[in-house]
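# Structure at a glance
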Amino acid sequence: MYTLLITAPQLQALQAQGTPCAVLDCSFDLMKPELAEGFFATERIAGALPAHLDKDLSNHSPGQAVNGGRHPLPQREAVAQWLGSLGIHNGMQIVVYDRHKSAYCGRLWWMLKWLGHDAVAVLDGGLQAWKDAQGALDSGAAPTPQPAPFDLKTPLRQLLLTEAVAQNLGRPQQTIVDARAAARYRGDMEPLDPVAGHIPGALNRPFTDNFTEDGRFKSPERLKAEWTDVLAGRPAHSVVHHCGSGVTAVPNVLAMELAGLGPTALYAGSWSEWCRTPGLPCAKG
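### Remarks on the pattern of salt bridges
Pairs can form between side chains of opposite charge once their charged atoms are near each other. Applying the stated criterion to the full structure yields 16 salt bridges. A salt bridge links Asp193 to Arg70; the shortest N-O distance between them is 2.6 Å. In this pair, Asp193 sits in the loop between helix 7 (182-186) and strand 10 (203-204) while Arg70 sits in the loop between strand 4 (49-50) and helix 3 (76-85), placing the two residues 123 residues apart along the sequence. With respect to class, Asp193 is no different from Arg70; both count as buried.

The structure is reproduced here in structure tokens:
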């Protein structure tokens, strides 16, 4: 069972052995969401199923979303129903990937942990790593799956909502880590949300810092050293991750686990919900 990362050769070996696997393509572009279907249709891992950030991994309907912000989480029951409609069941090893340094597939990795499914891993290096390993590719329309039951279990990762984060703001038991680029964290610019800046007291660790130039995660030893520097003596278990909308924070969650410092909590509403909530403080610099 792979629970954090899986390499392209490891996935190929599982498939050759006949291990029940489901591979999901989470490729997306926050600035150009309309490109997602084209990514999938043009080139993907053979047999992969589509997982669209806006349509499948978020729910914007009032009363059906778990939290606020730009990419609200769907209810756990809705996610389980969607997975079942794809033919995915609890006995499968699930592998998620994208083509953007795991910026988007981590969302589904975390959601599956939240549903209680531990056998889910991110394909290290994404689609390019698969191509480098001469993995089989496909294109065109998605296959028509045979539905299967997907049962909910006890969550394996902690979700925090705005109220809980606000209640512990400034307290030593909570260390907020912002995964956005430094310029957005400082409030120098803000391309997506109505207010620029960050949650007061938050540390900044851009999610891109976890990767090597080829889009693979850095070694556990290097990640541990870097995260130890970021935390500067703060306890790892106190960390609450966030970003703009709860998506690119997940590579930070995963990186801490690879470094042996996790699991840690996710504030899925993130800056996009925080800065829209009346009365909550915002900082710059």
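Alright, that's what it looks like, and here's the rest.
### Re the pairing of strand 11 (residues 239-242)
Burial of strand 11 is two-sided: the residues Val239 and His241 facing one way and the residues Val240 and His242 facing the other way are all buried. Pairing of strand 9 (residues 175-178) with strand 11, which is carried by 4 bridges, proceeds in the parallel orientation. Counted as the bridge partner of Ile176 is Val240 from strand 11. With helix 9 (residues 250-258) bridging strand 11 and its parallel neighbour strand 12 (residues 265-267), the resulting β-α-β unit is right-handed.

### Concerning the sheet that holds strand 2 (residues 21-25)
Within the open sheet, the 5 strands sit side by side as 1-6-5-2-4. Their pairing is parallel. Of all strands in the sheet, those with a lone pairing partner are strand 1 (5-6) and strand 4, marking the two edges. Summarising the sheet, strand 2 and strand 5 (residues 93-97) pair through 5 bridges and their orientation is parallel. For Asp25, the partnering residue across the bridge sits in strand 5 and is Tyr97. The strands touched by helix 4 (residues 105-114) are strand 2, strand 5 and strand 6 (120-123); relative to strand 6, the strand with the most contacts, the crossing angle is about 170 degrees.

### Things to note about the packing of aromatic side chains
Two aromatic rings are characterised by how far apart their centres lie and by the angle between their planes. Summed over all chains, the structure comprises 4 aromatic pairs. Between Phe28 and Tyr104, the aromatic rings sit 5.8 Å apart at their centres with planes inclined by 70 degrees, giving edge-to-face as the arrangement. Of the two residues, Phe28 is situated in the loop between strand 2 and helix 2 (36-42) and Tyr104 in the loop between strand 5 and helix 4; the sequence distance between them amounts to 76 residues. One exposure class covers both Phe28 and Tyr104, and it is buried. A centroid spacing of 4.4 Å and a plane angle of 50 degrees characterise the contact between Phe211 and Phe217, whose relative ring orientation is tilted.

### Brief notes about the environment of Gly170
Within the element layout of this structure, Gly170 appears in the loop between helix 6 (162-167) and strand 9. On the basis of relative accessibility, which here comes to 76%, the residue Gly170 falls in the exposed class. Considered as a pair, Gly170 and Ala202 are 32 residues apart in the sequence and their alpha carbons are 9.2 Å apart.

### Some remarks on the sheet that holds strand 10
Hydrogen bonds along the backbone pair up the strands of a sheet, which may run parallel or antiparallel. Judged by pairing direction, the sheet is parallel, and its 5 strands sit side by side in the order 8-12-11-9-10 without closing on themselves. Each having just a single partner strand, strand 8 (159-160) and strand 10 make up the two edges of the open sheet. The sheet contact formed by strand 9 and strand 10 spans 2 bridges and is parallel. What sits directly across from Asp178, in strand 10, is Asn204. Running over the sheet, helix 9 touches strand 9, strand 11 and strand 12 and is turned about 145 degrees from strand 11.

### What about helix 8 (residues 220-231)?
Taking 1.5 Å of rise per residue, the 12 residues of helix 8 would be expected to cover 16 Å, and the 16 Å separating its terminal C-alpha atoms lies within 8% of that figure. For helix 8, the complete set of buried residues consists of Leu223, Glu226, Trp227, Val230 and Leu231. One side of helix 8 holds all its buried residues, which, seen down the axis, span an arc of 135 degrees. Within helix 8, the exposed residues directed more than 90 degrees away from the buried face are Glu221 and Asp229. Buried residues along helix 8 sit in contact with strand 9, strand 10, strand 11 and helix 9. Ala232 sits one or two positions beyond helix 8 and adopts a positive phi of about 50 degrees.

### Observations concerning the nonpolar core
By size, the foremost hydrophobic cluster in this structure holds 59 residues, and its most contacted members are Leu24, Ile88, Val96, Leu108 and Trp109. At the level of elements, strand 2, helix 3, strand 5, helix 4, strand 6, helix 8 and helix 9 are the ones that each hand at least two residues to this core. Apart from residues no more than four positions distant in its own chain, Ile88 is found in contact with Ala22, Leu24, Leu49, Leu83, Ile94, Ala148, Pro149 and Phe150. Listed in part, the 13 residues of the second largest apolar core include Ile45, Tyr97, Leu123 and Trp130.

Rules used throughout
- Residues numbered from 1 in each chain as written.
- Predicted model: local features only at pLDDT ≥ 70, side-chain atom pairs only at ≥ 80, totals over all residues.
- Heavy atoms only, no water.
- Salt bridge = Lys/Arg side-chain N within 4 Å of Asp/Glu carboxyl O.
- Helix = DSSP H or I, 4+ residues; strand = E, 2+ residues; numbered from the N terminus.
- Buried < 20%, exposed > 50% of the residue type's maximum accessible area, 1.4 Å probe, protein only.
- Pairing = 2+ DSSP bridges.
- Right-handed = clockwise from strand over helix to strand, strands pointing away.
- Contact = heavy atoms within 4.5 Å.
- Axes fitted to C-alpha atoms, helices over the stretch in contact; angles between N-to-C directions.
- Phe/Tyr/Trp six-rings, centres within 6.5 Å; stacked < 30°, edge-to-face > 60°.
- Expected span 1.5 Å × (residues − 1).
- Arc of directions from axis to C-beta.
- Core = buried A, V, L, I, M, F, W, Y, C linked by side-chain atoms within 4.5 Å.

By themselves, these figures tell us nothing about what the structure is for.
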